[in-house]
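# Remarks on the overall topology
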Amino acid sequence: MKRRAVVVCPGRGTYNKAELGSVGRHHAAKTEFLAKIDAYRRAQGQPTVSELDGAERFSPSAHTRGDNAAALIFASAYGDFLDIDREAFDVVAVTGNSMGWYIALACAGATSMLDGLHVVNTMGTLMHEHLIGGQLLYPVSDAEWRPDLALRTAVLAELARVDALPGCEAALSIDLGGLFALAGNDAGLAALEAALPPRPMPSGVRYPMRLPQHAAFHTALQAPVAQAGQAALPQELFAAPKIPLIDGRGHIWRPWESNAAALRDYTLGAQVTRPYDFARAIQTAVREFAPEVLIVPGPGTTLGGSIAQSLIAIGWHALEGREDFVELQRGEPLLLTMALDEQRAVTVNNG
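Residues numbered from 1 in each chain as written. Predicted model: local features only at pLDDT ≥ 70, side-chain atom pairs only at ≥ 80, totals over all residues. Heavy atoms only, no water.

## A closer look at the overall build of the chain
Put simply, the rule is: Put simply, DSSP H or I for four residues or longer makes a helix, DSSP E for two residues or longer makes a strand, and each gets a number counted from the N terminus. We take the radius of gyration over the C-alpha atoms and set the globule estimate at 2.2 Å times the residue count to the 0.38 power. Burial classes follow relative accessibility: with a 1.4 Å probe on protein chains only, a residue under 20% of its type's maximum area counts as buried, one over 50% as exposed, and anything between as partly exposed. The contact rule is simple, with two residues in contact once any of their heavy atoms fall within 4.5 Å. We get accessible surface area from the Shrake-Rupley algorithm with a probe of 1.4 Å; when it comes to residues, only the shown protein chains can shield them. Asp and Glu are treated as the negative residues and Lys and Arg as the positive ones, with His and the ends of the chain left uncounted. Here the site of a charge means NZ on Lys, CZ on Arg, CG on Asp, or CD on Glu.
When helices and strands are tallied, the chain shows 16 helices and 13 strands. Relative to the globule expectation of 20 Å for 351 residues, the C-alpha radius of gyration of the chain, 19 Å, shows essentially globular dimensions. Considering only C-alpha atoms, the chain reaches an extent of 55 × 45 × 45 Å along its principal axes. Looking at the chain residue by residue over its 351 residues, the buried ones come to 57%. Considering only intrachain contacts with a sequence separation of at least 6, the fraction spanning at least 24 residues in the chain is 76%. Accessible surface computed for the chain: about 14,300 Å², of which carbon and sulfur atoms make up 54%. Charge separation in the chain, taken as the distance between the mean sites of 29 positive and 37 negative side-chain charges, equals 1 Å.

Have a look at this one:
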């Protein structure tokens, strides 16, 4: 019997040194798929995905810049989506984190594969060319991944205070459940880094943490990018989805009631310039579609904690903290991350 699945597409920051070579490793047999992606990139005068993924060494300046990262992540995530065993899983909805929204459009059939690549590559290139502002990460949960409501309130108040300072712009970019992505101009980010108490983690990561080559995504600072995207990407690229889509507000775009023009307007408008509520997207997905499993295509494994924290916040499956989620994963996992070999083996039909 098929298991109900929601697919969660990854965004920026998921193709790093550990992921170098992963597109070729997992998708080399999809020669037509990769050839189409490489031909598109070549026509844009950009290095191909095969060249980037097949590089001898990982180069942060090459692999994490928006125009290249967008294509690498699209190839990995869409290729993984094609690999999901449809005899074992019924994909009932698709969502994504930030840039993952563009990939979700293609997975859900709201764009073709090549049109989806064109959307994500165009927006990634525009983000890189403009590179307006930046992002930093700050945790707003406790050590057990439970939401710290007082801390969330305090950080949002600090954002408002900094945003009101002369020369400063600061805003919430993405709500990742137990982690905020905060964005702003250079002065705003510097003021936030000075004001937010340092929070070292057992992993050795210290917050606030500035993200390299990231712009002030999902804020009003990106209005020029939104305008450029609207000029570059015509309505003809977009259609009503074939699978329900959950956006960065938690809104559901259902196949039988979605307007393609409105979908484009959101994708190239509010989705670019307003905060992205990934936590709400995940919570809407489980509440409205009751999946038995959440599948995260590659590359990378960074979304697991955010998904878990988003579920803990609403007590999904009676989850009260990190240990509950870890214990749940030891049995029949609720979350399948395709970048992990043992979980990929469960997700893909290897016959």
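## Some thoughts on helix 14 (residues 303–312)
With 10 of 10 residues buried, helix 14 lies mostly within the body of the structure. Residues of helix 14 that are buried include every one of L303, G304, G305, S306, I307, A308, Q309, S310, L311 and I312, and no others. On its buried face, helix 14 sits against strand 1 (3–9), strand 5 (179–184), helix 13 (278–289), strand 12 (293–296), helix 15 (322–330) and strand 13 (335–337).

## Describing the nonpolar core
Just so we agree on the cut-off: Nonpolar core, defined: a set of buried Ala, Val, Leu, Ile, Met, Phe, Trp, Tyr and Cys residues in which side-chain atoms within 4.5 Å join the residues together.
Core analysis: the biggest nonpolar cluster contains 111 residues, and V94, L182 and I307 have the highest contact counts within it. Not counting residues up to four positions away in its chain, the partners in contact with L182 are G134, Q135, L136, Y138, V155, L159, A171, L172, S173, L189, L192 and L196.

## Things to note about helix 10 (residues 223–232)
What counts, and what does not: Within this analysis, the arc is defined by the directions that extend from the helix axis to the C-beta atoms.
Restricting attention to buried positions, one finds in helix 10 the residues V225, A226 and G229. The buried residues of helix 10 occupy one face: seen down the axis, they fall within an arc of 100°. Facing away from the buried surface of helix 10 by more than 90 degrees, the exposed residues are Q227 and A231.

## Quick word on the sheet that holds strand 4 (residues 170–175)
For clarity, the cut-off: Criterion used throughout: strands pair if DSSP finds at least two bridges between them.
Pairing within the open sheet is mixed, and its 5 strands lie in the order 8-3-5-4-11. The strands lining the two open edges of the sheet, one partner per strand, are strand 8 (209–211) and strand 11 (276–277). In this structure, strand 3 (residues 134–139) lies alongside strand 5, joined through 6 bridges in antiparallel fashion. Paired with P139 across the bridge in strand 5 is L179.

## Some words on the packing of aromatic side chains
Heads up, the rule is: Two rings belonging to Phe, Tyr or Trp (six-membered ring only in the last case) form a pair when the distance between their centres is within 6.5 Å. Interplanar angles under 30 degrees mark stacking, angles over 60 mark edge-to-face geometry, and anything in between is tilted.
Counted by the stated rule, this structure contains 6 aromatic pairs. Between the aromatic rings of F74 and Y78, the centroid separation amounts to 5.6 Å while the plane-to-plane angle is 5°, which identifies the pairing as stacked. Placement of the pair is F74 and Y78 together in helix 5 (residues 66–83), with a separation of 4 residues, close to one helical turn. The pair F74 / Y78 is uniform in exposure class, with both members buried.

By themselves, these are just geometric observations and shouldn't be taken as functional.
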